[in-house]
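# Commentary on secondary and tertiary structure
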Amino acid sequence: MGQMMEPVSFPKLTPQNSSKEWALTGAKDRPANLIKSLYLDPSALEKHNLVINETIQKIKRDEVQVETAQTDDAEIIIAAYGTIARIAKTAIEVLRGKGLKVGLVRPITVFPFPSKTFEEFADRRFLVVEMNFGQMLEDVKLSLGGRTSVHFYGRTGVVPNYDEIIIEVEKLASRK
Amino acid sequence: MLAGSRSENMQTQLQKVFGRPRTLRPVATHYCPGCGHGIVARLIAEVIDEFSIREKTVGVAPVGCSVLLYNYLDIDMYEAAHGRAPAVATGCKRVHPDLLVFTYQGDGDFASIGTAEAIHAAARGERITTIFINNAIYGMTGGQMAPTTLIGQKTTTSPYGRTKEQAGFPIRMAELLATLDGASFIARVGVHTPKHIIQAKKAIEKAFSVQMNQHGYSMVEILSQCPTDWGMSPIEAVKWVEEKMIPYYPLKTLKEPSE
């Protein structure tokens, strides 16, 4: 959070009383509670892992967050998250002004990854733009399953300007 | 005088003076023969019972031989990630200031991977207690050199003996933490003789009292024998504590609140 570049506003937090039977509050009028993840018995460990996996599957089901913009008629979709997604939006405005049909898929959560949203656009071409050497690139490719072409533009150490993204999209568009 | 009436008379006079503390679960521990951990587990249980605080005590045990304390104490307990017990205890204590919260950590945990948490919990004056088992070695993982391993001491990772040139000097955690203003009670004790066990219990009592009286951080460093990983018999091990460990790790109360 110390590295956030965008402003973040939190809702006002108020203390809440919740009585959870597993909470450690002192073993008064009940058996002692234990919170742990160490299971030395292999079958007990697997049982515990299955419970954790159920939670992970629930998170994958219920907690995906993603923003899409101007995707309806888009022929090329930029996939970007974080700071670079905001820059991509500016690039898309300029490109639309030039008559290019470009849209955006912005994962708000990278885990769970919004694979289903990407699948919906498997008939478009993709440009993944990141401020690294491609940390999300493989997730996008896995989601699209080889059904369409996925290109990549990454900068590291500097925050790229929107005109760099425009150049990349125009290169891609001309290769049609 | 018949034998029968004598024994009847004796029975009426017999009083139970020693038993298993309520807080100590009636199970066998996994600790090796001659290990100090089991003694300390019992001492903690005795102190909890004497203060009648079993229902308002929470323990935190992180990675190492220490972690299985949760199998032996019949109180609410957390397992913490390696070295992070003081951080977990901090969260618990701040949400539940009326609970007595303690951590139970070995030297590989408290003086190595968890040094940052140890120092900052003490520096913040968190109202928690650490029971720190210093046996100068990594026990559970098989006898590797620890930050507290003595110069010259042989371990699986210092097979020719620890040298200061290669591995530096053993850390005296009690002295280190006693320099911090947030630390209210710091003591080092042993559990290698009955006399020392009694002193160790008193130090644990004091540390818990300090916490309950709203002073800052309290820590009891307990020199503990590890015959298995030291490659000694239990008798040799208690001698080694006396002859080798105590000269480097002197037993004393380094800091206590002025009443």
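Structural notes, computed from the coordinates. Only a predicted model underlies this, so the values are computations on that prediction, with no experimental measurement involved.

### Here we look at the sheet that holds strand β3 (residues 76–79) of chain A
Residue and element names in this part refer to chain A.
- One open sheet holds the 5 strands; their spatial order is β2-β4-β3-β5-β6, and the pairing between them is mixed. Taken across any chain shown, the strands that pair with only one partner, and hence form the sheet edges, are β2 (66–69) and β6 (150–154). On average, each strand axis in the sheet is tilted by 20° relative to the strand beside it, whichever way the strands run.
- Relative to strand β5 (residues 125–130), β3 is paired through 4 bridges, and the arrangement is parallel. In the sheet register, I78 faces β5, and the bridge partner there is L127.
- Sitting on the sheet, helix α2 (residues 83–97) touches β2, β3, β4 (102–107) and β5, and the angle it makes with β4 is about 170°.
- On the sheet, helix α5 (residues 162–174) packs against β3, β4, β5 and β6 and is oriented at approximately 155° with respect to β5.

### Digging into the packing of aromatic side chains
- Applying the stated criterion across every chain yields a total of 7 aromatic pairs over all chains.
- An angle of 45° between the planes, with centres 5.7 Å apart, marks the rings of F102 of chain B and F208 of chain B as tilted. One end of the pair, F102 of chain B, is in strand β3 (residues 100–106); the other, F208 of chain B, is in helix α8 (residues 194–212), and 106 residues separate them in sequence. One exposure class covers both F102 of chain B and F208 of chain B, and it is buried.
- Ring centres of F110 of chain B and F132 of chain B lie 4.8 Å apart, and the angle between their planes is 45°; this geometry places the pair in the tilted category. Separated by 22 residues along the polypeptide, F110 of chain B in helix α4 (residues 107–113) and F132 of chain B in strand β4 (residues 129–134) bring together distant segments of the chain.
- Here the aromatic cluster, defined as three or more aromatic residues joined through ring pairs, consists of F113, F118 and F126 of chain A.
- Over the aromatic face of Y39 of chain A sits the side chain of K36 of chain A, whose NZ or CZ is 4.5 Å from the ring centroid.
- Taking the ring centre of Y248 of chain B as reference, the NZ or CZ of R172 of chain B above it sits at 3.7 Å.

### Comments concerning the side chain of K93 of chain B
Residues and elements named next belong to chain B.
- Relative to the helices and strands, K93 is located in helix α3 (residues 85–95).
- This buried residue, K93, is left without a salt bridge; D98 holds the nearest opposite charge, at 7.2 Å.
- A distance of 2.7 Å separates a polar side-chain atom of K93 from the backbone oxygen of L99.
- Residue contacts for K93: discarding those within four places in its chain leaves L99, L100, V101, R127, I128 and Q211.

### Concerning the pattern of salt bridges
Residue and element names in this part refer to chain B.
- Applying the stated criterion to the full structure yields 22 salt bridges over all chains.
- In this structure, E221 and R188 form a salt bridge, with 3.0 Å as the shortest nitrogen-oxygen distance. Here E221, found in strand β6 (residues 217–223), pairs with R188, found in strand β5 (residues 183–190); they are 33 residues apart in sequence, far enough to count as distant. Of the two residues, E221 and R188, both sit in the buried class.
- Through salt bridges with shared partners, one network takes in R22, R25, R54 and D74.

### Description of the environment of N135 of chain B
All names here are of chain B.
- Note on placement: N135 falls in the loop between β4 and α6 (164–167).
- The class for N135 is buried, based on a relative accessible area of 6%.
- C-alpha separation for the pair N135 and C226, spaced 91 residues apart in sequence, amounts to 6.1 Å.
- When neighbours within four sequence positions are excluded, N135 is seen to be in contact with D107, S224, C226, W230 and M245.

Conventions used here
Residues numbered from 1 in each chain as written. Chains lettered and ligands numbered in written order. Predicted model: local features only at pLDDT ≥ 70, side-chain atom pairs only at ≥ 80, totals over all residues. Heavy atoms only, no water. Pairing = 2+ DSSP bridges. Helix = DSSP H or I, 4+ residues; strand = E, 2+ residues; numbered from the N terminus. Axes fitted to C-alpha atoms, helices over the stretch in contact; angles between N-to-C directions. Contact = heavy atoms within 4.5 Å. Phe/Tyr/Trp six-rings, centres within 6.5 Å; stacked < 30°, edge-to-face > 60°. Buried < 20%, exposed > 50% of the residue type's maximum accessible area, 1.4 Å probe, protein only. Lys NZ or Arg CZ within 6 Å of the ring centre and 35° of its normal. Lys, Arg positive; Asp, Glu negative; His and termini not counted. Salt bridge = Lys/Arg side-chain N within 4 Å of Asp/Glu carboxyl O. Polar contact = N/O pair within 3.5 Å; in protein donor to acceptor, adjacent residues only side chain to side chain.

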